[in-house]
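Listed here are the chains, written in short residue letters.
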Amino acid sequence: MGKRVVRVSAPGKIILSGEHAVVYGYPAIATAIDRRLTIFKSGNQKGIVSDIPIGSGMGSSAALAVASAAYSSVLKENSLDLGKINSTAYKMEKKRHGNPSGIDNTVVTYGGFLWYRKETEGLKTFSDIKIKRKLPRLFLIDTGRPKETTKEMVSYVSGIYKAKSSTRSLLLDIERVTKSFLKFLLREENSSFRELITENEKLLERLGVVSDSTLRLVKKIERIGGAAKVSGAGGKKGASGILLVYHPERSKLLSFTKSQNLGIFSVELGKEGVKVERNS
Ligand code: MEV
C-alpha cells in the first residue's frame with residue numbers, strides 16, 4: 001500500500017451586508033471567495049497553505065477551523081458530513097472569538113451565497129441564495145490587519161448595544177439594506193450596487209467599526225466614482241481589514257490604487273465551500 005495522501009481545502013469569505021448586526025439576530029449575506037486554505041498530509045508530512053490574508057475579515061480563522069474539522073473527518077471516517085463539520089468549526093470559532101454569530105464557519109462550509117440568521121444560540125437558519133444577476137467585477141483592497149481582533153470588535157459593538165438605545169435602530173437600518181441587497185441579488189429590486197455598498201458602509205461608520213484612515217480612503221474611492229465597504233469585523237484604531245470595492249471603470253480604480261500605493265486584487269464570489277481535493 002502506498003502512502004496515503006489527504007488534501008482538503010476551505011474558502012475565505014466576505015460579508016456583503018449585515019456584519020455585526022448578525023450577532024444580534026439580524027440577517028446577513030455572506031459569500032465564499034476564490035481564495036482558499038488547504039490542509040494536507042502526504043505520508044508523514046503535514047502542512048497548511050493559504051492565500052487568505054490573516055485577521056483581515058476574509059474568514060481566515062473560519063477557513064482554518066472548517067478545513068481542520070474536515071481533515072479529521074476524512075482521516076477518521078473517510079467522508080465529509082457538512083453539518084457536523086460546521087458545528088465542530090463553530091465550537092472552535094467560539095473558543096477563539098467568544099460570541100460569533102456562526103456566519104463565517106457556515107458560509108465557508110457550504111460556499112455559494114448565503115442568507116444567514118442566528119435566531120437563538122440553539123437555532124441558526126440559513127439558506128442558499130440562487131442569485132439571478134451577474135454581479136459587477138469586484139475588488140478587494142487590504143487596508144491592513146486591524147489592531148483589534150474580531151473578538152474585540154464584537155465586544156466593542158456589544159458595549160454600545162447595551163449602553164446606547166440608538167444602536168438598535170442602526171441595526172434595523174442595516175437589516176433594511178441587507179434585505180434590499182437580497183432583493184437586488186434575486187432581481188426583485190433594481191437598486192444600484194453602488195448605492196447598496198455606499199449605504200452599507202455609512203451604517204458601519206455610524207456603528208463605529210471603521211477607522212479614520214479607512215474612512216478617508218473610502219471617501220477618496222467615492223470621489224473617483226466608486227464605492228467601498230468594510231467587510232467583516234472592521235477596525236477602529238489603525239487599519240480596518242479588507243475593503244470590498246466597486247468601480248464601473250476598472251482602469252480608473254487601478255490607476256488610483258497605483259497612485260496611492262495600495263494593494264488591490266479582483267475577487268470572485270459564490271465559490272465552492274469546503275471540499276476534499278484528494279484522498280488516496
Ligand atoms: C465577522 O466576519 C462577522 C461579525 O459579524 C462577527 C460574527 O458574525 O461572528 C463581525
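Residues numbered from 1 in each chain as written. Predicted model: local features only at pLDDT ≥ 70, side-chain atom pairs only at ≥ 80, totals over all residues. Heavy atoms only, no water.

## Some remarks on the site of the ligand
- As a matter of local geometry, the ligand sits amid 13 residues, with Lys13, His20, Pro100, Ser101 and Asp104 nearest to it.
- A distance of 2.9 Å is found between an oxygen atom of the ligand and a side-chain nitrogen or oxygen belonging to Lys13.
- When isolated, the ligand has an accessible area of 300 Å², and the protein chains bury 96% of it.
- Each residue belonging to the shell around the ligand can be placed in one class, and the counts come to seven nonpolar, three polar and three charged. (Near = heavy atom within 4 Å. Polar contact = N/O pair within 3.5 Å; in protein donor to acceptor, adjacent residues only side chain to side chain. Areas by Shrake-Rupley, 256 points an atom, 1.4 Å probe, with all protein chains shown as cover. Nonpolar A, V, L, I, M, F, W, Y, C, P; charged D, E, K, R; others polar.)

## Regarding the side chain of Thr257
- In this structure, Thr257 sits in helix 8 (residues 250–259).
- Not counting chain neighbours up to four residues away, the residues in contact with Thr257 comprise Ile141, Leu262 and Ile264. (Helix = DSSP H or I, 4+ residues; strand = E, 2+ residues; numbered from the N terminus. Contact = heavy atoms within 4.5 Å.)

## With respect to the sheet that holds strand 6 (residues 138–142)
- The four strands are arranged 7-8-6-9 in an open sheet whose pairing can be described as antiparallel. What marks the edges here is a single partner per strand, and that holds for strand 7 (227–230) and strand 9 (264–267). Direction aside, neighbouring strands of the sheet carry axes that sit 30° apart on average.
- Alignment of strand 6 against strand 9, held across four bridges, turns out to be antiparallel. Bridge pairing in strand 9 places Ile141 opposite Ile264.
- Relative to strand 8 (residues 242–246), helix 7 (residues 212–223) is tilted by about 10°, and along the sheet it contacts strand 6, strand 7 and strand 8. (Pairing = 2+ DSSP bridges. Axes fitted to C-alpha atoms, helices over the stretch in contact; angles between N-to-C directions.)

## Here we look at helix 1 (residues 60–77)
- Across its 18 residues, helix 1 extends 25 Å between first and last C-alpha, which sits within 8% of the 26 Å expected from 1.5 Å per residue.
- Residues of helix 1 that are buried: Ser60, Ser61, Ala62, Ala63, Ala65, Val66, Ala67, Ala69, Ala70, Tyr71, Ser73 and Val74.
- Where helix 1 is buried, its residues touch strand 1 (5–17), strand 2 (28–42), strand 3 (45–50), helix 2 (82–97), helix 3 (103–110) and strand 10 (275–279).
- Once helix 1 ends, the next one or two residues include Asn78, with phi positive near 60°. (Expected span 1.5 Å × (residues − 1). Buried < 20%, exposed > 50% of the residue type's maximum accessible area, 1.4 Å probe, protein only.)

## Concerning the pairing of strand 2
- By the bridge criterion, eleven bridges tie strand 1 to strand 2 in an arrangement that is antiparallel. Bridge pairing in strand 2 links Pro11 to Arg36.
- Relative to strand 4 (residues 113–120), strand 2 runs antiparallel, the two being bridged by four bridges. Bridge pairing in strand 4 links Ala28 to Tyr116.
- In the sheet, strand 2 pairs with strand 3 via six bridges, with the strands oriented antiparallel. Each bridged residue has a counterpart across the sheet, and for Thr38 the counterpart in strand 3 is Val49.
- Taking the residues that link successive antiparallel strands as the turn, the strand 2-strand 3 hairpin has two residues, and the phi of Gly43 there is positive, at about 65°.

## Examining the pattern of salt bridges
- Considering all chains together, one arrives at 14 salt bridges under this definition.
- A salt bridge links Lys271 to Glu268, with the nearest nitrogen and oxygen atoms 2.9 Å apart.
- Residue Glu268 is classed as partly exposed on the basis of its relative accessible area, which comes to 45%.
- The network of salt bridges with common partners includes Lys94, Lys118, Glu121 and Lys124. (Salt bridge = Lys/Arg side-chain N within 4 Å of Asp/Glu carboxyl O.)

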